[in-house]
Amino acid sequence: MVDWQPYFSATPVPTPATQADVAKAVEQAKAPLREDVQKLLAERQGQAPEQDVIDIGDDGNTAFGPILVVSDVPPSSTAGTYTVSFAINALKEWSPPADGKPAFFPFASNTSSGWFCVDQRDPAQPIVFIDFNYDPDEQGAITPVAPDVASLLAKLRP
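Here goes a summary of the coordinates provided. (Residues numbered from 1 in each chain as written. Predicted model: local features only at pLDDT ≥ 70, side-chain atom pairs only at ≥ 80, totals over all residues. Heavy atoms only, no water.)

1. Digging into the overall build of the protein
Argument step 1. Counting its regular elements, the protein contains four helices and eight strands.
Argument step 2. Ordering the α and β elements of the protein from the N terminus gives β-α-α-β-β-β-α-β-β-β-β-α.
Argument step 3. Relative to the compact-globule value of 15 Å for 158 residues, the protein shows a C-alpha radius of gyration of 14 Å, a close match.
Argument step 4. Expressed along its principal axes, the backbone C-alpha trace of the protein runs to roughly 40 × 35 × 30 Å.
Argument step 5. Buried positions account for 50% of the 158 residues belonging to the protein.
Argument step 6. Within the protein, contacts between residues separated by at least 24 positions form 57% of all contacts whose residues are at least 6 apart in sequence.
Argument step 7. In the form shown here, the protein has an accessible surface area of approximately 8000 Å², with 50% of it arising from carbon and sulfur atoms.
Argument step 8. The averaged location of the 21 negative side-chain charges in the protein is 5 Å from the averaged location of its 10 positive side-chain charges. (Helix = DSSP H or I, 4+ residues; strand = E, 2+ residues; numbered from the N terminus. Rg over C-alpha atoms; globule rule 2.2 N^0.38 Å. Buried < 20%, exposed > 50% of the residue type's maximum accessible area, 1.4 Å probe, protein only. Contact = heavy atoms within 4.5 Å. Areas by Shrake-Rupley, 256 points an atom, 1.4 Å probe, with all protein chains shown as cover. Lys, Arg positive; Asp, Glu negative; His and termini not counted. Charge placed at Lys NZ, Arg CZ, Asp CG, Glu CD.)

Here it is in structure tokens:
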């Protein structure tokens, strides 16, 4: 079981998110968004797990969390850089949309160098980590993490 804590103390984010907020995120994906990611966004936006380390790749790990925010937040809020909208805009420059939809749908941050995303290029929509310490075409820039949210959460450790 994962224990969750609010990530933004100065700017509380409402949890759970409204259905309208989740629908807005699905619209931003410009494609059907996996149900487990929708549920995670709705139930845990603006929260981070206490067990916040996840192994990625063959010999690396990174922090996991917070879950990105789908609700509207004030533009001056610290939470503003942890919104789905902010992350999608940043990813557009790094990885141009394919067929009108973003190649990656971000749903969580590692608070440093990247986002955990649904890889929308793959029909199975696996979860990957995009690391901005790399150029987009470098090995390690996009690392497979898990086939689904349950598997991802099971990998978290202190």
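2. So, the pattern of salt bridges
Argument step 1. Counted under the stated rule, the structure contains four salt bridges.
Argument step 2. With a shortest N-O distance of 2.5 Å, Asp72 and Lys24 are connected by a salt bridge. In this pair, Asp72 sits in the loop between strand 4 (60–63) and helix 3 (84–94) while Lys24 sits in helix 1 (residues 19–29), placing the two residues 48 residues apart along the sequence.
Argument step 3. The exposure class assigned to Asp72 is exposed, which follows from its relative accessible area of 64%.
Argument step 4. Note that Asp36 is salt-bridged to Arg34, the shortest N-O span being 2.6 Å. (Salt bridge = Lys/Arg side-chain N within 4 Å of Asp/Glu carboxyl O.)

3. Focus: the side chain of Ser71
Argument step 1. Inspection of the secondary structure assignment puts Ser71 in the loop between strand 4 and helix 3.
Argument step 2. Residue classification places Ser71 among the buried positions, given a relative accessible area of 7%.
Argument step 3. A polar contact of 2.7 Å, which involves the side chain of Ser71, links it to the side chain of Asp21.
Argument step 4. The residues touching Ser71, leaving out its near neighbours within four places in the chain, are Pro14, Ala17, Asp21 and Gln45. (Polar contact = N/O pair within 3.5 Å; in protein donor to acceptor, adjacent residues only side chain to side chain.)

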